[in-house]
Amino acid sequence: MIILRLALVAVISSSVAAQSASTTPLITYIFGDSLTEVGNNNYLQYSLARSDFPWYGIDFSGGQATGRFTNGRTIGDIISTKLGIPSPPPYMSLSRNDDAFLNGINYASGGAGILNETGLYFIQRLTFDDQINCFKKTKEVIRAKIGDRAANKHVNGAMYFIGLGSNDYVNNFLQPFMADGQQYTHDEFVELLTSTLDNQLTTIYKLGGRKVIFHGLGPLGCIPSQRVKSKTGICLKRVNEWVMEFNTRTKKLLEDLNKRLPGAKFAFADTYPAVLDLIDNPTRYGFKVANTSCCNVDTSVGGLCLPNSKMCKNRKDFVFWDAFHPSDSANQILADQLFSSLLSSSSHSPAPAPAPKNIH
């Protein structure tokens, strides 16, 4: 864990330092699901995983729904602000000749998972494989604009934020009508997830990605859509145990990738403890309610804040906006904690060993 934390500090610190020493802005590529989506699914005509309607975005700049699955900003938006850069635009909003391709892109898509079958009932979404293919096309556009050597340098120097896996549980393994939950034990399922993730992260590396931050899963057994499955509304212990096993396996995978791939700086951001503490002790952070959603839409299937939903009176009192997603205020707390804990750890630990030189 210390090694991975140091790696994460090194990734962030080196990127911010490089940005400060250069006139070239920091470039970020974001891969993920509804926790980091900024509007890709708005462009998928038949997608059922959308949030481009009220009351989403009510606390975002302009007060309009943008395709973010919260009342305001995502953690990705807040991280971008902390890095001093604009939040990258959704890939699907760009035309092929758009210069925005040179400034970072968000590929995240609500309903997406590591596995292609995850979220199948949403009809359309960009799976992780789809998002990687979009990144491949992005690199082709960049190469056409600035040439092969500069394109390689561009993608080698970028930061890659990846956050997937929640839907592989919530909208796959935990759903009784989905095949994976019927045909696999959890040990088999987590092996399938991590072996698939191994291939996907290796593909990103082969396309030029070097500095990767993978966001681990939070305590999914404590989100409102899972609590309703308990007769007493408590967190589902078994689900949280499965999530922790996935996180442990993913940490080990990243360590292995760093040893196997020259120049790779793959780091694991463990947000599980911070999210669990926020849920267990909401008043410590200025919240009043952590066991149900502001929109009062806590169902195991569905759970989005539809236009006819009755919102809570004070959105800042709630950790959760809908049955799945944190509120803007909770995202702010979590983003603040992630940065402060990881960056401060660099002053209490020995420096990491130098990484091998990059290859293209």
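The present account deals with the structure reproduced in this document. (Residues numbered from 1 in each chain as written. Predicted model: local features only at pLDDT ≥ 70, side-chain atom pairs only at ≥ 80, totals over all residues. Heavy atoms only, no water.)

Quick notes on the packing of helix α3 (residues 128-146) against helix α4 (residues 148-157)
Argument step 1. Packing of α3 against α4 leaves a shortest axis separation of 7 Å and a crossing angle of 135°. Of the possible angle classes, the one that applies to α3 and α4 is oblique. Of the two elements, α3 crosses α4, and the hand of that crossing is right-handed. Taking contact as the criterion, the partners of F135, K139, I142, R143 and I146 in α3 are, on α4, D148, A150, A151, N152, H154 and V155.
Argument step 2. The residue inventory of the contact of α3 with α4, partitioned by class, reads six nonpolar, two polar and three charged. (Axes fitted to C-alpha atoms, helices over the stretch in contact; angles between N-to-C directions. Helix = DSSP H or I, 4+ residues; strand = E, 2+ residues; numbered from the N terminus. Parallel < 35°, antiparallel > 145°, perpendicular 65-115°, else oblique. Left-handed = near helix turned anticlockwise from the far one by under 90°. Contact = heavy atoms within 4.5 Å. Nonpolar A, V, L, I, M, F, W, Y, C, P; charged D, E, K, R; others polar.)

Looking at the sheet that holds strand β1 (residues 28-32)
Think of a sheet as strands paired side by side through backbone hydrogen bonds, with each pair either parallel or antiparallel.
Argument step 1. Here five strands make up an open sheet; going across it, the order is β2-β1-β3-β4-β5 and the pairing parallel. In this open sheet, the two strands that pair with only one neighbour each are β2 (105-106) and β5 (265-269).
Argument step 2. With two bridges connecting them, β1 and β2 associate as parallel partners. By the bridge assignment, Y29 is partnered in β2 with I105.
Argument step 3. Its contacts with the sheet put helix α7 (residues 186-206) on β1, β3 (159-163), β4 (211-215) and β5, and the angle it makes with β3 is roughly 160°. (Pairing = 2+ DSSP bridges.)

Points about the side chain of D168
Argument step 1. By the secondary structure assignment, D168 is in helix α5 (residues 166-173).
Argument step 2. Put simply, D168 is tucked away with no salt bridge, and the nearest opposite charge, on R125, sits 8.7 Å away.
Argument step 3. Setting aside residues up to four positions removed in sequence, D168 forms contacts with G113, I114, L115, T118, F173, F189 and L193. (Buried < 20%, exposed > 50% of the residue type's maximum accessible area, 1.4 Å probe, protein only. Lys, Arg positive; Asp, Glu negative; His and termini not counted. Salt bridge = Lys/Arg side-chain N within 4 Å of Asp/Glu carboxyl O.)

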